Amino acid sequence: MLERTTQVKERFLKFNDWEDRYKELIQLGRGLAAYPEDKREEKYKVKGCQSQVWLYPEFKDGRVYFYADSDAVLVKGIVGLLVSVYSDATPDEILATKPEFLKEVGITEHLSMNRTNGLAAMMKQMQMYALVFKSMQKA
């Protein structure tokens, strides 16, 4: 996880201004894997986002894989960034890796209050899925 957050920092800190980071975020969203159409259901929508955001988890071999989509390009980039860090990780890794890297690259300081709330909702949803899968492992 440290390697992933370091890669995010390197990817975004090479740009000096927010506009270039913004463009990079949008590119990241465009690079998301196709979201499974059969999972475009209300139960996979992230509550608390101004835009529509779907986040579907899959648990295989002790690891969580996230699939995400949004109807807004910037939000799709934000959720894409989270997926790039937290997908293909164990529930413990997800729970232990706090999103400080977002602040370190200057993303959180340039978001509106609504987008900041949406980002927090996406993180909370990923952590909730990780908690559920962690408890399933113990059962």
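Structure: see above.
Everything in this summary refers to the structure shown in the same document. Since the model is a prediction, treat every value here as computed from it, not as a measurement.

### Side note on the pattern of salt bridges
The final tally for this structure, using the stated rule, is 12 salt bridges. The salt bridge involving Lys-39 is made with Asp-38; its shortest N-O contact spans 4.0 Å. Accessibility expressed as a relative area gives 55% for Asp-38, which makes it exposed. Glu-58 is the partner of Lys-60 in a salt bridge, and the nearest nitrogen-oxygen pair spans 3.6 Å. Note on Lys-60: relative accessible area 39%, which makes it partly exposed. Judged by its relative accessible area of 24%, Glu-58 falls in the partly exposed class. Here the salt bridges share partners, and the residues they tie into one network are Glu-37, Arg-40, Asp-69 and Lys-76.

### Regarding the nonpolar core
Among the nonpolar cores identified, the biggest contains 43 residues, and Phe-66, Leu-81, Tyr-86, Ile-107 and Met-122 are the most heavily contacted of them. Of all the secondary-structure elements, those providing two or more residues to this core are α1 (2–13), α2 (18–30), β1 (53–60), β2 (63–70), α3 (73–86), α4 (91–96), α5 (100–104) and α6 (113–138). For this core, the element with the highest residue contribution is α3, accounting for nine residues. Not counting the four nearest positions on each side in its chain, Phe-66 is found in contact with Leu-55, Tyr-56, Pro-57, Val-83, Tyr-86, Ser-87, Ile-94, Met-126 and Tyr-129.

### A few points about the environment of Thr-6
Tracing the chain through its elements places Thr-6 in helix α1. Considered as a pair, Thr-6 and Val-85 are 79 residues apart in the sequence and their alpha carbons are 9.9 Å apart. A polar contact is formed between the side chain of Thr-6 and the backbone oxygen of Leu-2, at a distance of 2.7 Å.

### Comments concerning α6
For an α-helix, 3.6 residues make a turn, and residues three or four places apart therefore share a direction. An ideal rise of 1.5 Å per residue puts 38 Å on 26 residues; α6 measures up with 38 Å between its terminal C-alpha atoms. All buried positions along α6 are accounted for by Gly-118, Leu-119, Ala-121, Met-122, Met-123, Met-126, Tyr-129, Ala-130 and Phe-133. On its buried face, α6 sits against β1, β2, α3, α4 and α5.

### So, the packing of α2 against α3
Packing of α2 against α3 leaves a shortest axis separation of 7 Å and a crossing angle of 70°. The orientation of α2 with respect to α3, classified from their angle, is roughly perpendicular. Along its contact with α2, which presents Tyr-22, Leu-25, Ile-26, Leu-28 and Gly-29, the element α3 presents Val-73, Leu-74, Lys-76, Gly-77, Ile-78, Gly-80, Leu-81 and Ser-84. Looking at the contact of α2 with α3, its residues break down into eight nonpolar, four polar and one charged.

Thresholds, definitions, all that
Residues numbered from 1 in each chain as written. Predicted model: local features only at pLDDT ≥ 70, side-chain atom pairs only at ≥ 80, totals over all residues. Heavy atoms only, no water. Salt bridge = Lys/Arg side-chain N within 4 Å of Asp/Glu carboxyl O. Buried < 20%, exposed > 50% of the residue type's maximum accessible area, 1.4 Å probe, protein only. Core = buried A, V, L, I, M, F, W, Y, C linked by side-chain atoms within 4.5 Å. Helix = DSSP H or I, 4+ residues; strand = E, 2+ residues; numbered from the N terminus. Contact = heavy atoms within 4.5 Å. Polar contact = N/O pair within 3.5 Å; in protein donor to acceptor, adjacent residues only side chain to side chain. Expected span 1.5 Å × (residues − 1). Axes fitted to C-alpha atoms, helices over the stretch in contact; angles between N-to-C directions. Parallel < 35°, antiparallel > 145°, perpendicular 65-115°, else oblique. Nonpolar A, V, L, I, M, F, W, Y, C, P; charged D, E, K, R; others polar.

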